[in-house]
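An overview of the molecular structure
The chain contents come next:
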Number of protein chains: 2
Amino acid sequence: MARDLTIQQVAEATGLSVHAVRYYEKVGLLALIQRSANGHRRYSPEDVVWLEFLMRLRATGMSIQQVHAFAKLVREQPTNVKERRLLLEAHRDRVKQNLEKLAHNLQVIELKIEHYQHLEATGKSDLHCIFWQNYLEQMSDHKLH
Amino acid sequence: MARDLTIQQVAEATGLSVHAVRYYEKVGLLALIQRSANGHRRYSPEDVVWLEFLMRLRATGMSIQQVHAFAKLVREQPTNVKERRLLLEAHRDRVKQNLEKLAHNLQVIELKIEHYQHLEATGKSDLHCIFWQNYLEQMSDHKLH
DNA sequence: TATTGACTTAGAGTGAACTCTAAGTTGTAG
DNA sequence: CTACAACTTAGAGTTCACTCTAAGTCAATA
């Protein structure tokens, strides 16, 4: 068998700290982790898959509380798939919005970099934002909604 | 004149709290805000533009510390444009990487939603991840690097 | 004149998400 | 037999980024 992992192996596999893995269990993101004879946690592959999914929720900005709400649904309402779907759909929509904002902010940052390149090319130290302001106006005029 | 704003107006314009605007000044993200006769802060349009740019850095995941380093460069090395550019380029690269990770995580979340839709359509409560695992394998096989 | 409201300061408090510590148990290697 | 490494627990501590409080100043209004 030996397909079950120790907490350390899980930590290595996921990139979390051992502490964080225990913490996630304590706050209810993971449940019912099996124990070996001596009381040590043994993680099944399913546990790891679940943990990795939770990490994606976290990485996309879902709070521990919200992840907990989702985990609770999965544990306590095995027949209620709809609620879980709605929760994830709401999250997906937030993530998409966030992605758009990020992409826009990235654009502005790239514009600022171009501005610096322009300054370097022309040897000027700083025009106190005249060039930059023009750029910004362009941005807000037709590149943003 | 009246083109200079009170701290409250700045807060409204940027969506920050009045407290946060003062906090940003205290930790060195803003400097030299003018004062009116009675000692109240008066923000110039340039101050607001600068603040808005800082907010984009924050929104893309730059820490207060790093923003401070950037702000310090701008204040103390007006002739050294290159360092500022390098700092922003490094940040841009991190943001791009993060965007890719986010987009991928979003994909997986959407897959999970599809999985739930599938369960709902077929009336099954949960196959304990057989369908889902297949999906995941597909993902890791050819949709991810 | 009294109150209201917007501002000022220094510094204390908060919430999120870990992160670490201390004290103890267990299993193996020398 | 002893040392060591890996685990266990409860709970304390840390970091970040605000967020709020208390006490005070000042200008305008009732």
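Notes on the structure in this doc start here. (Residues numbered from 1 in each chain as written. Chains lettered and ligands numbered in written order. Predicted model: local features only at pLDDT ≥ 70, side-chain atom pairs only at ≥ 80, totals over all residues. Heavy atoms only, no water.)

Some thoughts on the relation of the copies chain B and chain A
Once turned by 180 degrees and shifted 0.0 Å along the axis, chain B lies on chain A with an RMSD of 0.1 Å. Between the two chains, the operation in question is that of a two-fold axis. The position closest to the rotation axis in chain B is occupied by the C-alpha of Leu99 of chain B, lying 3.5 Å away. Looking at the interface residues of chain B, 100% of them are also at the interface in chain A, so both copies use one shared face. (Least-squares fit on C-alpha atoms with pLDDT ≥ 70 in both. Contact = heavy atoms within 4.5 Å.)

As for the nonpolar core
Across soluble globular proteins, nonpolar side chains have a tendency to be buried as a group. By size, the foremost hydrophobic cluster in this structure holds 30 residues, and its most contacted members are Leu30, Tyr43, Leu57 and Phe70 of chain B. Looking at this core, the elements with two or more residues in it are α5 (81-122) of chain A together with α1 (7-14), α2 (18-26), α3 (45-59), α4 (64-76) and α5 (81-122) of chain B. Per-element accounting of this core gives the leading share, 6 residues, to α3 of chain B. Ranked by size, the runner-up nonpolar core spans 28 residues in total, among them Val21, Leu30 and Leu51 of chain A together with Val108 of chain B. (Core = buried A, V, L, I, M, F, W, Y, C linked by side-chain atoms within 4.5 Å. Buried < 20%, exposed > 50% of the residue type's maximum accessible area, 1.4 Å probe, protein only. Helix = DSSP H or I, 4+ residues; strand = E, 2+ residues; numbered from the N terminus.)

Observations regarding the pattern of salt bridges
In the structure shown here, the tally under the stated rule is 14 salt bridges over all chains. With a shortest N-O distance of 3.4 Å, Glu110 of chain B and Lys96 of chain A are connected by a salt bridge. Taken together, the positions of Glu110 of chain B in helix α5 and Lys96 of chain A in helix α5 put the pair across two chains. With relative accessibility at 24%, the residue Glu110 of chain B sits in the partly exposed group. When salt bridges with common partners are traced through the structure, they connect Glu25, Arg35 and Arg41 of chain A into a single cluster. (Salt bridge = Lys/Arg side-chain N within 4 Å of Asp/Glu carboxyl O.)

Observations concerning the interface of chain B and chain A
Counting residues at the interface gives 42 residues for chain B, matched by 42 residues for chain A. Overall, the association of chain B and chain A removes approximately 3,800 Å² of surface from exposure, summing both partners, and the carbon and sulfur fraction of that is 71%. The three residues of chain B that bury the most area against chain A are Arg56, Ile109 and Tyr116 of chain B, which together make up 16% of that side's buried surface. Across the contact surface, chain B and chain A share 4 salt bridges. At the boundary of chain B and chain A, one finds 10 residue pairs in polar contact (both at pLDDT 80 or more). Within the residue set of the side of chain B that touches chain A, elements represented by two or more residues are α3, α4, α5 and α6 (130-143) of chain B. If one sorts the elements of the side of chain B that touches chain A by residue count, α5 of chain B sits on top with 26 residues. In the side of chain B that touches chain A, the residues fall into 21 nonpolar, 9 polar and 12 charged. (Buried area = accessible area lost by both parts, 1.4 Å probe. Polar contact = N/O pair within 3.5 Å; in protein donor to acceptor, adjacent residues only side chain to side chain. Nonpolar A, V, L, I, M, F, W, Y, C, P; charged D, E, K, R; others polar.)

Quick look at the protein's contact with DNA strand C
With respect to spatial proximity, 18 residues lie near DNA strand C, and among them His19 and Tyr24 of chain A together with Arg22, Arg35 and Arg41 of chain B are the closest. The sugar-phosphate backbone supplies 76% of the atoms of DNA strand C found within 4 Å of the protein. Tyr24 of chain A has a polar side-chain atom sitting 2.8 Å from a phosphate oxygen of DNA strand C. In this structure, Arg22 of chain B approaches DNA strand C through a side-chain N or O atom, which is 3.1 Å from a phosphate oxygen. Contributions of two or more residues to the surface near DNA strand C are made by α2 (18-26) and α4 (64-76) of chain A together with α1 and α2 of chain B. Taken together, the residues that form the surface near DNA strand C break down as 5 nonpolar, 8 polar and 5 charged. (Near = heavy atom within 4 Å.)

Details of unusual backbone geometry
Even without being glycine, Leu32 of chain A reaches a positive phi, approximately 55 degrees. A relative accessible area of 78% places Leu32 of chain A in the exposed class.

Here's the deal with the protein's contact with DNA strand D
Around DNA strand D lies a shell of 16 residues, among which Arg22, Arg35 and Arg41 of chain A together with His19 and Tyr24 of chain B are the nearest. Sugar plus phosphate: this is where 74% of the atoms of DNA strand D within 4 Å of the protein reside. Interatomic distance of 3.2 Å between a side-chain N/O atom of Thr6 of chain A and a phosphate oxygen of DNA strand D. In this structure, a phosphate oxygen belonging to DNA strand D sits 3.4 Å away from a main-chain N or O atom of Ile64 of chain B. Listing elements by their share of the surface near DNA strand D, those giving two or more residues are α1 (7-14) and α2 of chain A together with α2 of chain B.

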